[in-house]
Amino acid sequence: MKITVVGTGYVGLVSGTCFAETGNSVTCVDIDKNKIEKLSSGAITIYEPGLEKIFLRNLKERRLNFTTNLAEAVKDAQIIFLALPTPPGEDGSADLKYVLGVAKDLGKILQPTEYKVIVDKSTVPVGTAEKVKNAVLQSGKEINVDLSKAFSVVSNPEFLREGVAVDDFMKPDRVVIGTDSEKAKKIMGDLYAPFVRQGNPVIYMDEKSAELTKYAANSFLATKISFMNEIAQLCEKLGADVDLVRKGVGSDERIGKRFLFPGIGYGGSCFPKDVQALVKSAEEANYDFKILKAVEDVNEKQKLHLMPKIEKYFKNNLQGKHFALWGLAFKPNTDDIREAPALYMIDALTAAGATITAYDPEAMPNVKKIVGDKISFANNEYEALNNADALIIATEWSEFRTPDFEIINNKLKNKVIFDGRNVFEVKQIKDLGYHYESIGRA
Ligand SMILES: NC(=O)c1ccc[n+]([C@@H]2O[C@H](COP(=O)([O-])OP(=O)(O)OC[C@H]3O[C@@H](n4cnc5c(N)ncnc54)[C@H](O)[C@@H]3O)[C@@H](O)[C@H]2O)c1
């Protein structure tokens, strides 16, 4: 099939590459000229395990193309994916200006006799498919073109996780397709058939239910995290161990083992904004979504959960103290730092007069763009420890899990570790003579 993907960020680039990998001819469009030039010349723009190899293969075999020209890109396409940003507006609701802007552009480009499927892959509030449809129709009307038979709009939310995005896309747990058009349903079913050969379901539904499914899924996962973070707080107060509680709880099949790990809060481009947007959508529908408001509130506080522990250890005086910070990305295996708890730690520590040397395997260039020379950066995790009064861990990269403690001992000024991701076993670290503070464990 011929496919256009509009928006070549995390979702657009992964989707476009994976669709090309199954034999489709894909053109990715973006307004960012620099990004398109890089991608066209074979330089990948995001870090995502396994992506570069298939990106280069499909680029070489010309199944994957890049352009800034929307009209050219959609000319022969049967399916047009919108993988555009939906950032929170000032009131927390999803800002649809990118999605509706492209919908209007499409209204000026589409031909009345050539049927195409327009697919919302962005995470969008209930009712957006209808808005996209109206925007395309209206825009066509303005130039006297009747597009009422020229397209269907489908809601096909994306569930990939950064860090394992290629695997998630190639073998999704499920594919959700929201449409009332039989024709669009058939085209989408054919497109996704190679991705669900192992029997995972393609779930067809109406557009509104598909749109809500994505928000409900992310909000539920965020709820699990905030719930466990509150259990961890309680563990600290009552002297219980959250690792043991987690195992005890997670062995119940109704609950499941995943997403029960406490830490310094969730971040990223999805959970924070999707929880906020669902709270706002509920508000607009005159519904007070109490649980989700609490989920958000708990998460905001959790990002700085280590600060009182650090302050207490240093007797409320962080002026002139120097910290090694391991991990900047909002989670391992990505260079994405959107809403990363590490950024909140950087702000709080520097505001208190401390200095920081950070190390992250992938995310340092992105952080440099934001914080400039507010902190310094190291070439590896050990170099970050030079002259540090303590080590703080903000992201659980695998390479941090079994470090050489002899090097750590020699470099750290004090044997002190504040671990926001429960990377180490408590007993192991304490036996090594460390003052060790983590989340929800004595
Ligand atoms: N990142 C994730 O893990 C993830 C997972 C599932 C769903 N989503 C959702 O997918 C959507 C996209 O997220 P993302 O993380 O890929 O965003 P992103 O910011 O990484 O990428 C968006 C891209 O769209 C481009 N763009 C903006 N306006 C454009 C226009 N008019 N024409 C062409 N390109 C334009 C931007 O330049 C950027 O490259 C969001 O709604 C997000 O909530 C994201």
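Residues numbered from 1 in each chain as written. Predicted model: local features only at pLDDT ≥ 70, side-chain atom pairs only at ≥ 80, totals over all residues. Heavy atoms only, no water.

### Section: the domain arrangement of the chain
Keep this limit in mind: In this document the domain limits rely on a domain assignment from an automatic tool or a database. Contact criterion: two residues are considered in contact whenever any of their non-hydrogen atoms come within 4.5 Å of each other. Buried area is understood as the total, over both parts, of accessible area removed when two parts are fitted together, assessed with a 1.4 Å probe.
The assigned domain composition of the chain is domain 1 (2-205), domain 2 (215-302) and domain 3 (307-437). Between domain 2 and domain 3, the C-alpha centre-to-centre distance is 24 Å. Facing the 13 residues of domain 2 at the interface are 11 residues of domain 3. Regarding the contact of domain 2 and domain 3, the summed buried area is about 920 Å², with carbon and sulfur atoms giving 52% of it. Of all residues in domain 2, the largest losses of buried area upon contact with domain 3 belong to Ile 264, Gly 268 and Ser 269, amounting jointly to 49% of the total for that side.

### Overview of the site of the ligand
Condition: Any residue with a heavy atom lying within 4 Å of a molecule or strand is counted as near it. N or O atoms closer than or at 3.5 Å make up a polar contact, with two conditions inside protein: a donor-capable atom paired with an acceptor-capable one, and, for residues adjacent in sequence, both atoms drawn from side chains. Under the scheme used here, helices are H or I runs from DSSP no shorter than 4 residues and strands are E runs no shorter than 2 residues, and both carry numbers assigned from the N terminus.
Taken together, 25 residues sit near the ligand, with Asp 30, Lys 35, Thr 86, Glu 162 and Lys 273 positioned nearest. Backbone polar atom of Val 11 to an oxygen atom of the ligand: 2.8 Å apart, as the coordinates give it. A distance of 2.5 Å separates an oxygen atom of the ligand from a polar side-chain atom of Lys 273. Elements that contribute at least two residues to the shell around the ligand include exactly helix H1 (10-21) and helix H5 (97-109).

### Considering the packing of helix H11 (residues 271-284) against helix H12 (residues 290-302)
Applied cut-off: Helix axes are fitted to C-alpha atoms over the stretch in contact, other axes to C-alpha atoms as well, and angles between N-to-C directions run from 0 to 180 degrees. What sets the label is the angle itself: under 35 degrees gives roughly parallel, over 145 gives roughly antiparallel, 65 to 115 gives roughly perpendicular, and the rest give oblique. Each helix crossing is assigned a hand: it is left-handed if the near helix lies turned anticlockwise from the far helix by less than a right angle, otherwise right-handed if that turn is clockwise. Basically, the charged four are Asp, Glu, Lys and Arg, the nonpolar ten are Ala, Val, Leu, Ile, Met, Phe, Trp, Tyr, Cys and Pro, and anything else, Gly included, counts as polar.
At a minimum axis separation of 9 Å, H11 and H12 run at an interaxial angle of 150°. Viewed along their axes, H11 and H12 adopt a mutual orientation that is roughly antiparallel. Our pair here, H11 against H12, has a crossing hand that is left-handed. In this structure, H11 contributes Val 275, Gln 276, Leu 278 and Val 279 to the contact, and H12 contributes Leu 292, Lys 293 and Glu 296. For the contact of H11 with H12, the class distribution of residues is four nonpolar, one polar and two charged.

### A short note on the packing of H5 against helix H6 (residues 128-142)
Running from amino to carboxyl end, H5 crosses H6 at an angle of 35°, the nearest separation of the two axes being 7 Å. Crossing angle aside, the handedness with which H5 passes H6 is right-handed. Note on element contacts: H6 touches H5 through Thr 128, Lys 131, Val 132, Ala 135, Val 136, Ser 139, Gly 140 and Glu 142, opposite Val 99, Leu 100, Ala 103, Lys 104, Gly 107 and Lys 108. In terms of residue class, the contact of H5 with H6 is built from six nonpolar, four polar and four charged.

### Some thoughts on the pattern of salt bridges
Applicable threshold: By definition, a salt bridge exists where a carboxyl oxygen of Asp or Glu is found within 4 Å of a side-chain nitrogen of Lys or Arg. Only protein chains enter the area calculation, which uses a 1.4 Å probe; residues under 20% of their type maximum are buried, those over 50% are exposed, and those in between are partly exposed.
Here the structure, examined in full by the defined rule, presents 26 salt bridges. Ionic pairing is found between Asp 190 and Lys 186, a salt bridge with its closest N-O pair at 2.6 Å. Placement of both Asp 190 and Lys 186 in helix H8 (residues 182-192) is noted, with a separation of four residues, approximately one turn of the helix. Classification of Asp 190 by relative accessible area gives partly exposed; the value is 38%. Put simply, Lys 427 and Asp 431 hold a salt bridge, and the shortest N to O gap is 2.7 Å. Separated by four residues within a single helix, Lys 427 and Asp 431 lie in helix H17 (residues 426-431), roughly one turn from each other.

### Let's talk about the packing of aromatic side chains
Filter applied, for reference: Think of it this way: a Phe, Tyr or Trp ring, Trp meaning its six-membered ring, pairs with another when their centres are within 6.5 Å, and the plane angle makes it stacked under 30 degrees, edge-to-face over 60, tilted otherwise. Here, over-ring charges are defined by two tests on the NZ atom of lysine or the CZ atom of arginine: distance to the ring centre within 6 Å, and angle to the ring normal within 35 degrees.
Inspection of the entire model under this criterion finds 19 aromatic pairs. A ring pair is formed by Phe 314 and Phe 323, whose centres lie 5.5 Å apart and whose planes are at 85°; its orientation type is edge-to-face. We note Arg 174 situated over the ring of Phe 159; from NZ or CZ to the ring centre the distance is 3.5 Å. The lysine or arginine in question, Lys 183, covers the ring of Tyr 115, its NZ or CZ lying 3.9 Å from the ring centre.

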